[in-house]
Each structure stands twice: as structure tokens, then as C-alpha cells.
Amino acid sequence: MTSTQAEIDRSQLGTLSVLAWIGDPSEGHDIPYLLAYTLGDGPGGKEAGEAAARGLLEEIGLPIGDVVMDGTLKAATFPVKILLADHQIALTLPGLNATCTAPPEWVAAAHESGQAYFLFATRAWPEAVPGQPVSADVLQAFAGDEEVLTSSAHCVLTVQSLRG
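All residue numbers refer to position in the chain's written sequence, counted from 1. For this predicted model, a pLDDT threshold of at least 70 governs which residues receive local features, and a threshold of 80 or more governs which side-chain atom pairs are given and counted, while totals over whole chains, interfaces and linings are taken from all residues. To get the side-chain values, take all heavy atoms of the structure and skip hydrogens and water.

A. Layout of the overall build of the protein. Strands are runs of DSSP state E lasting at least 2 residues, helices are runs of H or I lasting at least 4, and numbering of each runs from the N terminus. Each helix and strand counted, the protein has four helices and eight strands in total. In terms of its C-alpha atoms, the protein occupies a principal-axis envelope of roughly 50 × 35 × 30 Å. Taking all 164 residues of the protein together, 42% fall into the buried category. Within the protein, residue pairs in contact and separated by at least 24 positions form 69% of the contacts whose partners lie at least 6 positions apart. To be clear on the numbers: accessible area is Shrake-Rupley with a 1.4 Å probe, and residue cover counts the displayed protein chains and nothing else. Of the accessible surface of the protein, which amounts to about 8,700 Å², a share of 53% is contributed by carbon and sulfur atoms. Once the 7 positive and 20 negative side-chain charges of the protein are each reduced to a mean point, those two points are 8 Å apart. Exposure categories follow from relative accessible area, calculated using a 1.4 Å probe and restricted to protein chains: below 20% of the type maximum is buried, above 50% is exposed, and the middle band is partly exposed. Here, two residues are considered to be in contact whenever any of their heavy atoms come within 4.5 Å of each other. The charge count includes Lys and Arg as positive and Asp and Glu as negative, but it does not include His or the ends of the chains. A charged residue contributes its charge at one atom only: NZ of Lys, CZ of Arg, CG of Asp or CD of Glu.

Printed below as a string of C-alpha cells:
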């Protein structure tokens, strides 16, 4: 039996990172955002990593572009999950997991709304190395870039919690 869809080589993604932030509450933008991106450091380099990211999103059914999927409607079967335990966020996709520490304002906003806006960027972001701070200007330059936005998958997800 043959398959019409090639298997995605997840190793080409390289380092998968996630970054959490909220908008400016003074402007009514207290939405918790979670951005997943690769560093472009996979064995095939940046281009292969970006191709693998596009293939992964296609494989799991997340459209790239200006469509925002509502993953809260069928949260139990949606292929992307966010779990919040204390200030730790665990992002789970088929065959992939990534974690990050959420700032207190993200945790508060996520607990209040029960959801987060998730973006998976297909464009690599090698400058945003895990464990290193990212300034608001650098984040805005990447996450607000039209090319990044139109080449990303967008969805609203339920934030599952282990709150006691």
C-alpha cells in the first residue's frame, strides 16, 4: 500500500521553542498568546526546518494563513493542547512537545479566559534562543511581521490546568 502524503521528518524542525506573552492590558489586549517556532537549527538548515514546519501543520490539519481555527469547540480531539501547571506551559502536538515558563500576567489571563491564542510560525526565528530574554520590540518585530503572520497557523485553544 502506498501513501499520497510523505511522512514528515520532525528532526528537520530542529529546536522547537515556545514563547508566552499577553497584549497590553491598558489597550484592552489582555489575551494570552503562545507562539511556537523553530530556531532553524535542524540537520537540513533553516529552509528544511521551515518546510518541515509547513508539512507538520498540514499533516495535523492546521491551515496556514489568515484562518483562525477554534480549537475550543472540540478541545478533547483537537491536535494541539496547552497544559498550564503553576507557571509552566506544556504545548503538545502530535509527535512533539515543548515547554516554557509563563509570566504571571499570562497565567492570570489564561485562568480568567480559559483559553489562549496560539500561533505556530513556519518561519524560523534563530535569534529567540530558549532561556534568553526577548524584548517587547524584538517580539513585535517578529510576531507582528506580516510575512510571519501569513505563514503561520493560528488557533484559539483551551488552556487546561492542573490548578489545585
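B. Layout of the pairing of strand β1 (residues 16–22). Most of β1 sits inside the fold, with seven of its seven residues counted as buried. In this description, strands pair whenever DSSP reports at least two bridges between them. Bridge count between β1 and strand β2 (residues 32–38): seven bridges; the pairing is antiparallel. The residue of β2 that forms the bridge with I22 is P32.

C. Expanded view of the packing of aromatic side chains. Working definition: rings of Phe, Tyr and Trp (its six-membered ring) pair if their centres are within 6.5 Å, and the pair is stacked with planes under 30 degrees apart, edge-to-face with planes over 60 apart, and tilted otherwise. Summed over the entire model, instances satisfying the criterion amount to five aromatic pairs. With centroids separated by 5.2 Å and ring planes inclined at 15°, the aromatic side chains of W21 and Y33 adopt a geometry described as stacked. One end of the pair, W21, is in strand β1; the other, Y33, is in strand β2, with 12 residues separating them in the sequence. With respect to class, W21 is no different from Y33; both count as buried.

D. How the structure looks around the environment of L73. Topologically, L73 is positioned in the loop between β3 (68–70) and β4 (81–85). Taking the C-alpha atoms as reference, L73 lies 22 Å from L96; in sequence the two are 23 residues apart.

E. Layout of the nonpolar core. By size, the foremost hydrophobic cluster in this structure holds 36 residues, and its most contacted members are W106 and F120. Here this core gets five residues from one element, more than from any other, and that element is helix α1 (residues 45–60). If we skip the residues at most four places from it in the chain, F120 touches L16, A36, A53, L56, L57, L93, S152 and A153. Residues L19, L39, L119 and A128 belong to the second largest nonpolar core, which totals 16 residues. What makes a nonpolar core is a set of buried Ala, Val, Leu, Ile, Met, Phe, Trp, Tyr and Cys residues whose side-chain atoms join them at distances within 4.5 Å.

F. The arrangement of empty space enclosed by the protein in detail. As defined here, a cavity is a set of points on a 1 Å grid over the protein atoms alone where a 1.4 Å probe fits but cannot get out. A pocket is an open set with protein on both sides within 12 Å along at least five of seven lines, and residues line them when an atom is within 4 Å of a point. Grid points are joined across faces, edges and corners, and a volume is the space filled by probe spheres set on the points. All chains considered together, the criterion is met by one cavity of 30 Å³ or more. Approximately 50 Å³ is the volume found for the largest cavity. Listed by contribution, the elements that provide at least two residues to the lining of the largest cavity are β4 and β8 (152–161).

G. Representation of the pattern of salt bridges within the structure. The salt bridge criterion pairs a side-chain nitrogen of Lys or Arg with a carboxyl oxygen of Asp or Glu, the two atoms within 4 Å. Tallied over the entire structure, the rule returns two salt bridges. A salt bridge links R10 to E59; the shortest N-O distance between them is 2.6 Å. Of this pair, R10 sits in the segment before β1 while E59 is found in helix α1, placing the two residues 49 residues apart along the sequence. Judged by relative accessible area, which is 30%, E59 ranks as partly exposed. Between D145 and R123 there is a salt bridge whose closest N-O contact spans 3.3 Å. Taken together, the residues span a long stretch of sequence, with D145 in the loop between α3 (136–143) and α4 (146–150) and R123 in the loop between β7 (115–121) and α3 at a distance of 22 residues.

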